[in-house]
Structure formats: C-alpha cells, structure tokens
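The lines below spell out each chain.
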Amino acid sequence: MKIRSGFVTNSSSTSFLIISKDDLNKSDFFKLMGVSADSPIADLFSQLYRDVLDSSSVKIDFRVAPKDMPIERWFDRHRHGELSPRMWEKLREARKRGLKAYFGSLDSETSNIQTFFCTDSFEIESDKVYFNGLECVW
Amino acid sequence: MVLFLGRNEKQREAFVISLRRTVSESVALRRAKVQRGTYAGDLVSRFYDSLFRRSLELKSDYVKYFAGEYSTFDTYLRRQFLWAPEVTNQVTAVFDRSQAIFYFEPTYSFIDEEYGQSFIERVLGRNVTE
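Every chain begins its residue count from 1, and numbering advances along the sequence as written. By the order in which they are written, chains take letters starting at A while ligands take numbers starting at 1. Totals for whole chains, interfaces and linings use all residues, but because this is a predicted model, local features are given only for residues with pLDDT of at least 70 and pairs of side-chain atoms are given and counted only at 80 or more. The side-chain numbers reported here are obtained from all heavy atoms of the structure, hydrogens and water having been left aside.

Colleague: Give a detailed account of the layout of surface pockets, specifying residues and quantitative values.
Modeller: Here the idea is plain: a probe the size of a water molecule rolls over the atoms and shows the empty space left. All names here are of chain B. In this analysis the probe radius is 1.4 Å and the grid spacing 1 Å, with only protein atoms considered; a cavity is a set of points the probe fits into but cannot get out of, a pocket is an open set with protein on both sides within 12 Å along at least five of seven lines, and lining residues have an atom within 4 Å of a point. Grid points are joined across faces, edges and corners, and a volume is the space filled by probe spheres set on the points. Of the pockets and cavities examined, the second largest pocket occupies roughly 230 Å³. Along its surface, the second largest pocket is lined by 13 residues, and N8, E9, F81, W83 and Y103 are the ones closest to its centre. Numbering of helices and strands runs from the N terminus, with a helix taken as a DSSP run of H or I at least four residues long and a strand as a DSSP run of E at least two residues long. Top element by residues in the lining of the second largest pocket is strand β1 (residues 2–7). It accounts for three residues. By residue class, the composition of the lining of the second largest pocket is seven nonpolar, two polar and four charged. Under the convention adopted here, Pro, Cys and the residues Ala, Val, Leu, Ile, Met, Phe, Trp and Tyr are nonpolar, Asp, Glu, Lys and Arg are charged, and Gly plus all remaining residues are polar.

Written as structure tokens, this is what we have:
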C-alpha cells in the first residue's frame, strides 16, 4: 500500500505554437523571452528552448509548403481540438508571410521546469518570433 | 543562507532566506540579466514580489511584535513556528549579520528542494548571508 500526502493532481499537457521567420534558434528565443545568454538563470530558458524543440510534433516551413494544401491537413484530425482559434489565425498569417511554424505540447509529467511552463499561460512576440502558450488547461 | 525547510503544515515547500542587504526590484532584474516587461522580466518580478513583498520577514516581525513576549529570537522561532533546534540554531546564527530574514513559500513549482535553492542564490547573489 502506498500513502500519498499532500495534493494530488492530474497530469496535464499544454499545446504551444511558435512562429518564426527563420529556423528557431536559441539567440532569437532568448531575445523573445527577454533574458541574456549570460544570465544566472539562463538554464531555465535553455531547458524551455530544448523542450519546445524536442516536443514540436508538427513543423511547417510555409516557404516550401504546397500553397493549395489546407493548413488543417498538417495536423491529425484528433489534433484539431488542441489548436485554439488564435493559433489557427496565426497559422494562416504565417502561411501568407511564408514563415515557419512549430506546434507541439509540453507535459507536466517530465521535469519540474517543463511542468512550470506547462502551467503558465502566455502569448509573446518579438520582431522574429511569436510564441503562443495560452492553452494552459490546468 | 538559503535553508530548505521541507513541506509545512499546508503541504507547501518552504525556505528561510537571510540577506545581508535587501535589494530593490531593479537591482534584482539587473542581476538576473532579464529585461523588464518581458516574459523573463515578469518571471523575476513575480519572484521578487513573492519574496520581498508577500513573505514574512522574521527579524522585523520579532523585533516589532514579539521581543516583549520572547526574550530571544531563538525562542520566538521555536514557539511561534515550532521549528526544531537544528533549524532555529542556523537561523539565529545569521541574525546579527542579516538585514532581513524571510520565511518564503515559493509560488513557482520549479523552486523546490533541488533546483530552487540554487535559483534563489543565483538571483540574489552576494546579498545572501553566508
């Protein structure tokens, strides 16, 4: 028999969408987040950067993607519900502008750092990168 | 000193953080090398707020409200918080060298026993009492 003290919560995942002019790189990502590469807490954001790259299950380069292919076709049917209206809007905009898109989900059952970002809700944009982490489902 | 206390009666993880000098929010942001108004800046600002504005500062709490009741800071810690002597001894030892001693319950889930201590030390830097 196991006894668990404290709060018990469900595990969860959070969909994210990143739109980028070029291939997503650490320098642009850090600039977007507002942290210097030599920050004493840079490791927190390095971890998030690695997590979003590793967790991006759909990557689209709209410069070379077939123009007549509906955006929805890039995603399995069961995935459609994971994308918010705002995400579809940003994807349509990305196609018009020939940008790159990364879609995936963060999981609360991994590291404490990923769990934190999985429970935070945010939408941020720089001149090169857009990051939609609004779909927090906790 | 950043001392991890474990989980308290509310099942929240808690720390005692003693500082030689308190710092302003601007200094904390500068030290963390994050830009105000960005995601990272907001993250550090919220951490700053939870520590410096919403945590109980034990030293001033004792001096202002409990010095008449408890003759020593150590007694105050033992009676008010029911902390064990091995904890109160460590906290009492930094009393004279610290401008402030906070009882801190982190609001960020990643500020835990493993990563949290080093995160706090890195953001507050040399201001942490040794």
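Here the narrative resumes, following the displayed structure.
Colleague: Break down the sheet that holds strand β3 (residues 56–57) of chain B for me, citing the residues and quoting the values.
Modeller: Paired through backbone hydrogen bonds, the strands of a sheet run either parallel or antiparallel to each other. Residues and elements named next belong to chain B. Taken together, the four strands give an open sheet; going across it, the order is β1-β2-β4-β3, and neighbouring strands pair in antiparallel fashion. Lying at the two open borders of the sheet, with one neighbouring strand each, are β1 and β3. Across two bridges, β3 lies against strand β4 (residues 100–104) in antiparallel orientation. Paired with E57 across the strands is F102, a residue of β4. In what follows, a contact means two residues having at least one pair of non-hydrogen atoms within 4.5 Å. Fitting a line to C-alpha atoms yields each axis, with helices limited to the stretch in contact; the angle taken between N-to-C directions then spans 0 to 180 degrees. Against the sheet, helix α2 (residues 39–53) touches β2 (13–19) and β4, its axis set at about 110 degrees to β4. Two strands make a pair as long as DSSP finds a minimum of two bridges between them.

Colleague: Would you mind going over the interface of chain B and chain A in detail, with residue names and values included?
Modeller: On the side of chain A, 21 residues touch chain B, which itself brings 21 residues to the contact. Accessible surface is computed with a 1.4 Å probe, and the buried area is the amount of it that two parts give up when combined, taken over both parts together. Approximately 1800 Å² of surface area, both sides summed, lies buried where chain B meets chain A, with 61% of it carried by carbon and sulfur atoms. In the sections that follow, a salt bridge refers to a side-chain nitrogen of Lys or Arg positioned within 4 Å of a carboxyl oxygen of Asp or Glu. Where chain B packs against chain A, one counts three salt bridges. Between D120 of chain A and R46 of chain B there is a salt bridge, with the nearest N and O atoms lying 3.7 Å from each other. Secondary-structure elements contributing two or more residues to the side of chain B that touches chain A are α1 (25–32), α2 and α6 (116–124) of chain B. Ranked by residue count, the leading element in the side of chain B that touches chain A is α2 of chain B, at five residues. A breakdown of the residues in the side of chain B that touches chain A according to their chemical character gives eleven nonpolar, four polar and six charged.

Colleague: Any chance you could break down a positive patch on the surface for me, citing the residues and the numbers?
Modeller: Residues and elements named next belong to chain B. Every patch collects residues that have over 30% relative accessible area and no salt bridge, joining them within 9 Å if they carry like charges and within 5 Å if they are nonpolar side chains (Val, Leu, Ile, Met, Phe, Trp, Tyr). In these tables, accessible area is a Shrake-Rupley quantity obtained with a 1.4 Å probe, and a residue counts as shielded only by the protein chains included in the view. Counting rule applied: Lys, Arg positive; Asp, Glu negative; His and chain ends not counted. Positions of charges follow a simple convention, taking NZ of Lys, CZ of Arg, CG of Asp or CD of Glu. A cluster of basic side chains, namely R20, R21, R31 and R126, defines a positive patch on the protein surface. Looking at the secondary structure, you find R21 in the loop between β2 and α1. Accessibility expressed as a relative area gives 47% for R21, which makes it partly exposed. Think of it in three bands: residues with accessible area under 20% of the maximum for their type are buried, residues over 50% are exposed, and the middle band is partly exposed, with areas taken using a 1.4 Å probe on protein chains only.

Colleague: Tell me about the packing of helix α4 (residues 73–81) of chain B against helix α5 (residues 85–93) of chain B, and please be specific about residues and values.
Modeller: Residues and elements named next belong to chain B. Packing of α4 against α5 leaves a shortest axis separation of 9 Å and a crossing angle of 140 degrees. Note on packing geometry: the crossing formed by α4 with α5 is right-handed. Here F73, D74, L77 and R78 of α4 come into contact with α5, specifically with P85, T88, N89, V91 and T92. Residue composition of the contact of α4 with α5, grouped by class: four nonpolar, three polar and two charged. The sense of a crossing depends on the near helix, which, turned anticlockwise from the far helix by less than a right angle, makes the crossing left-handed and, turned clockwise, makes it right-handed.

Bear in mind that shape data such as this cannot, by itself, settle questions of function.
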